[in-house]
Amino acid sequence: APLVAAAGVRGGKISGRGLGFTGGTLDKLESIPGFRVDLSPSEFLSQLGSIGIVVSGQSADLAPADGKLYALRDVTATIDSLPLIASSIMSKKIAAGSNGIVLDVKVGRGAFMETEAEALDLASLMVDIGQGLGRRVHAVISDMSQPLGRAIGNALELREALDTLRGEGPADLAWHCLVVARQMLILSGKVRDKEEATDILERQLDEGAALEKFREWTKAQGGDTEYVDDPDRLPSARFVREVPSPRGGYVAALDAREVGLTSMLLGGGRARKGDTVDHAVGVVVHAKIGDRIEKGQPLFAIHANDEAKLSGARQRLLAAYMWSEEPVESPPLIHK
């Protein structure tokens, strides 16, 4: 979002909170003290006009029905209902007033759509909904068979996003963001092709304009910008445990859903509606699919505020890895 706004394309988004094993954008942003995610429609539009970027949650006036349905999906076993997923996502896009919409549709064990065919069905449904209402809509099918980047958990992911804006983040996360941002620039009509979009976006990163836009965005929504300038101030866990690899070999699989559930059980998500979220906890993975690792090398780190939960997380994460003696090709970041 700050990358695209820095490039001169206004972007407004109504986001949600963590649901099941998935993380919530609003929960992550609230790792910054004071960050408001309950903007009124007038505040939403005013900020979009003044700085070109805004992310907020549903309110009594912004997609109110979706807010109620969203909260009910956890407790009615309808999280993976295709019509409810499509209507929830598109209702927020339409309510935000976007005339151009780029959808990042995840596929794999860490997504609601586990197969490419399912992801294409969802993407096609959402594109049809948007186009039927006169919107310009593109969809990207992106991989979530393993975690994107290396951090899983609210403050950990926020720190990773800030690292990426400083040019120090994981290569897969940086590339993914460029691909989606590129589609947004193309859809806006600002650029002719992918090459021109890539040049503009990379310049925003290299010159620090995207990071400055993140700082401006944080200030506009009431957040303390000192946490942007010094991510070490973000919430941190009492216990950080590096776990060594129990064997050598190539990582053949890393179950993203198990990693997400582990973060949730550590306190980083909600097992039930109304659960409080611990912004500090989560997981940082050091080895991903295709990586070669020796026995005893750090495999992942657990950030926890409860030693009993830490022990359970260790066993669950070790079981999320599968191994091969032969080289393994990493999955594509972008499927279609």
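Keep in mind that this is a model prediction, so the values were computed, not measured.

Q: An account of a nonpolar patch on the surface is requested, with residue identities and associated values reported.
A: Together, Leu69, Leu72 and Val75 give the surface a local cluster of nonpolar side chains, amounting to about 270 Å² of exposed area. Inspection of the secondary structure assignment puts leucine 69 in helix α4 (residues 64-73).

Q: Describe the environment of phenylalanine 21, and please don't skip the residues or the numbers.
A: The residue phenylalanine 21 is located in the loop between β1 (11-14) and α2 (25-29) in this model. Residues within four places of phenylalanine 21 in sequence aside, it is in contact with Arg109, Gly110, Ala111, Phe112, Arg257, Gly260 and Leu261.

Q: Can you break down the nonpolar core residue by residue, with the values?
A: Among the nonpolar cores identified, the biggest contains 31 residues, and Ile32, Leu185, Leu201, Phe214 and Trp217 are the most heavily contacted of them. Elements that contribute at least two residues to this core include exactly α1 (2-6), α2, β2 (53-56), α7 (154-165), α8 (171-188), α9 (194-206), α10 (209-220) and α11 (226-229). Discounting chain neighbours no more than four positions away, the residues touching leucine 201 are Leu3, Ala7, Leu178, Ala181, Arg182 and Leu185. The next biggest cluster of nonpolar side chains, apart from the first, holds 23 residues, and it includes Ile152, Val251, Val259 and Ala287.

Q: So, the sheet that holds strand β8 (residues 282-285): which residues are in play, and what are the values?
A: Spatially, the four strands line up as an open sheet ordered β5-β8-β10-β6, and their pairing is antiparallel. Looking at which strands have only one partner, the edges of the open sheet turn out to be β5 (151-152) and β6 (239-244). Sheet topology note: the β8/strand β10 (residues 298-304) ladder contains four bridges and is antiparallel. Considered in β10, the bridge of valine 285 is made with phenylalanine 300. Where helix α12 (residues 256-268) meets the sheet, it contacts β5, β8 and β10, and its direction lies at approximately 145 degrees from that of β8.

About the thresholds
- Residues numbered from 1 in each chain as written.
- Predicted model: local features only at pLDDT ≥ 70, side-chain atom pairs only at ≥ 80, totals over all residues.
- Heavy atoms only, no water.
- Patch = residues over 30% accessible without salt bridge, like charges linked within 9 Å, V, L, I, M, F, W, Y side chains within 5 Å.
- Areas by Shrake-Rupley, 256 points an atom, 1.4 Å probe, with all protein chains shown as cover.
- Salt bridge = Lys/Arg side-chain N within 4 Å of Asp/Glu carboxyl O.
- Helix = DSSP H or I, 4+ residues; strand = E, 2+ residues; numbered from the N terminus.
- Contact = heavy atoms within 4.5 Å.
- Core = buried A, V, L, I, M, F, W, Y, C linked by side-chain atoms within 4.5 Å.
- Buried < 20%, exposed > 50% of the residue type's maximum accessible area, 1.4 Å probe, protein only.
- Pairing = 2+ DSSP bridges.
- Axes fitted to C-alpha atoms, helices over the stretch in contact; angles between N-to-C directions.

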